[in-house]
Amino acid sequence: MKQKKLLYAGKAKSVYHTDVDRKLIVEFRDDITAFDGGKKDVLMNKGSYNAEVSAFLFEYLMKNGVKTHFVSMIDPRHMVVRELEMIPLEVIVRNVAAGSIVRNYPFKEGTKLDPPVIVIDFKDDARHDPMLNDDLIVALKLASPAELKKIKKVALKINQLLFALLAAQGITLVDFKIEFGRQGKSICLGDEISMDSMRLWDKKSGESLDKDVYRFEKGDVMATYNRVAQRITKSAKKR
Ligand code: CDP
């Protein structure tokens, strides 16, 4: 497969056309950003740690009946995916209160959210990703009511699967963000699932094992990403 023209460059990934119909290549770059792009750095190997974890989690989800865009890895930072018509929603599933939900609402950090709370933001950088509700999503024609119902159902299934996998590695899945796209009539998981898009806490120590280490300068970001990638993908080999 040959990499062709750039289709889209985001804050941490670039997406390329290929010479194969309806297949794209996602490049996981070493760029890391936080606070709406307000903090930026390049951290060596970050892209490959996130790609490794994303590929692993996509495969795990697919084995468990979740449709994803993942096809294969070309090298440690280049992933082949099926082309989707992306839906500009950031679907966040929360099991424990942390981050913006604690800043914006009277939740105490660390409060268990049972049942999990789904929050959907509009993926629109210029508007700083405002939170949506079902009526706004339908009125803006971002998704049909049936698609929205499906998206929420799949998001909760993904949450159950990831929560169990990570718990077995002594990791609490506090929250995570996913994005979906359409492939024909079906809804398919796209984007990535990585330390940039999940909030992970060590079950025993409570230590952050994700991008919060970068956001709040809690330690060596790449040492943490490396350790977490090992911990998550090792669970694979045992399963
Ligand atoms: O990270 P922050 O506290 O600002 O936002 P949040 O709403 O608490 O984020 C919830 C989860 O979604 C965290 O795991 C974030 O890393 C992730 N997220 C993301 O990956 N991309 C975004 N644009 C927003 C949130």
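Refer to the structure presented above.
Below: a short report on this structure. (Residues numbered from 1 in each chain as written. Predicted model: local features only at pLDDT ≥ 70, side-chain atom pairs only at ≥ 80, totals over all residues. Heavy atoms only, no water.)

A word on the overall build of the protein
1) Next: Within the protein, the secondary structure is distributed over six helices and 14 strands.
2) Next: Taking the principal axes of the C-alpha coordinates as reference, the protein spans close to 50 × 40 × 40 Å.
3) Next: Each of the 239 residues in the protein was classed as buried or not, and the buried ones make up 51%.
4) Next: Intrachain contacts of the protein at a sequence separation of at least 6 include 56% that bridge at least 24 residues.
5) Next: Just so you have it, the protein exposes about 12,200 Å², and 53% of that area is on carbon and sulfur atoms. (Helix = DSSP H or I, 4+ residues; strand = E, 2+ residues; numbered from the N terminus. Buried < 20%, exposed > 50% of the residue type's maximum accessible area, 1.4 Å probe, protein only. Contact = heavy atoms within 4.5 Å. Areas by Shrake-Rupley, 256 points an atom, 1.4 Å probe, with all protein chains shown as cover.)

Looking at the nonpolar core
1) Next: Formed by 59 residues in total, the largest nonpolar core has its most connected members in Ile 158, Leu 162, Phe 180, Met 198 and Ile 232.
2) Next: When neighbours within four sequence positions are excluded, Ile 232 is seen to be in contact with Val 53, Phe 56, Leu 57, Leu 165, Leu 166, Ile 171, Met 198 and Leu 200. (Core = buried A, V, L, I, M, F, W, Y, C linked by side-chain atoms within 4.5 Å.)

Observations concerning the pairing of strand β14 (residues 198-202)
1) Next: Of all five residues in β14, five are buried; the element is thus mostly enclosed.
2) Next: Alternating residues of β14 divide into Met 198, Leu 200 and Asp 202 and Arg 199 and Trp 201, and every residue in both groups is buried.
3) Next: Relative to β14, strand β11 (residues 171-178) is paired through five bridges, and the arrangement is antiparallel. The residue of β14 that forms the bridge with Ile 171 is Asp 202. (Pairing = 2+ DSSP bridges.)

Topic: the sheet that holds strand β1 (residues 3-9)
1) Next: Taken together, the five strands give an open sheet; going across it, the order is β1-β2-β3-β7-β6, and neighbouring strands pair in antiparallel fashion. Only two strands of the sheet have a single neighbouring strand rather than two, namely β1 and β6 (70-75). Across this sheet, the average inter-strand angle for adjacent strands is 30°, counted without regard to direction.
2) Next: Bridge count between β1 and strand β2 (residues 13-18): four bridges; the pairing is antiparallel. In the strand pairing of β2, Tyr 8 is matched with Val 15. (Axes fitted to C-alpha atoms, helices over the stretch in contact; angles between N-to-C directions.)

Quick word on the site of the ligand
1) Next: Surveying the vicinity of the ligand reveals 15 residues, the closest of which are Glu 90, Arg 94, Ser 100, Asp 175 and Arg 215.
2) Next: Contact between the ligand and Glu 90: a nitrogen atom at 2.8 Å from a side-chain N or O atom of the residue.
3) Next: One of the side-chain nitrogen or oxygen atoms of Asp 175 is found 2.6 Å away from an oxygen atom of the ligand.
4) Next: Compared with its free state, where it exposes 510 Å², the ligand has 80% of that area covered by protein.
5) Next: For the shell around the ligand, the secondary structure elements donating two or more residues are β9 (89-96), α2 (100-104), β11 and β14.
6) Next: With three residues, the top contributor of residues to the shell around the ligand is β9.
7) Next: Here the residues of the shell around the ligand sort into three nonpolar, three polar and nine charged. (Near = heavy atom within 4 Å. Polar contact = N/O pair within 3.5 Å; in protein donor to acceptor, adjacent residues only side chain to side chain. Nonpolar A, V, L, I, M, F, W, Y, C, P; charged D, E, K, R; others polar.)

What to know about the packing of helix α1 (residues 46-63) against helix α4 (residues 145-167)
1) Next: With their axes 11 Å apart at the nearest point, α1 and α4 run at an angle of 120° to one another. Seen along the crossing, α1 lies across α4 with a hand that is right-handed. Every residue of α4 that contacts α1 at Phe 56, Leu 57, Tyr 60 and Leu 61 is listed here: Ile 158, Leu 161, Leu 162 and Leu 165.
2) Next: Broken down by class, the residue content of the contact of α1 with α4 amounts to eight nonpolar, no polar and no charged. (Left-handed = near helix turned anticlockwise from the far one by under 90°.)

Quick notes on the sheet that holds strand β10 (residues 112-122)
1) Next: Spatial strand order, β10-β9-β11-β14: four strands in an open sheet with antiparallel pairing. With partners counted over all chains shown, the strands left at the sheet margins are β10 and β14, one partner each. Strand-to-strand twist across the sheet, computed as the mean angle between neighbouring axes with direction ignored, equals 15°.
2) Next: Here seven bridges tie β9 to β10, and the two strands are oriented antiparallel to one another. Bridging from a neighbouring strand, Ile 92 pairs with Val 119 of β10.
3) Next: Against the sheet, α4 engages β9, β10, β11 and β14, with an angle of about 150° to β11.

Note that all results are geometric; they support no functional claim without further evidence.
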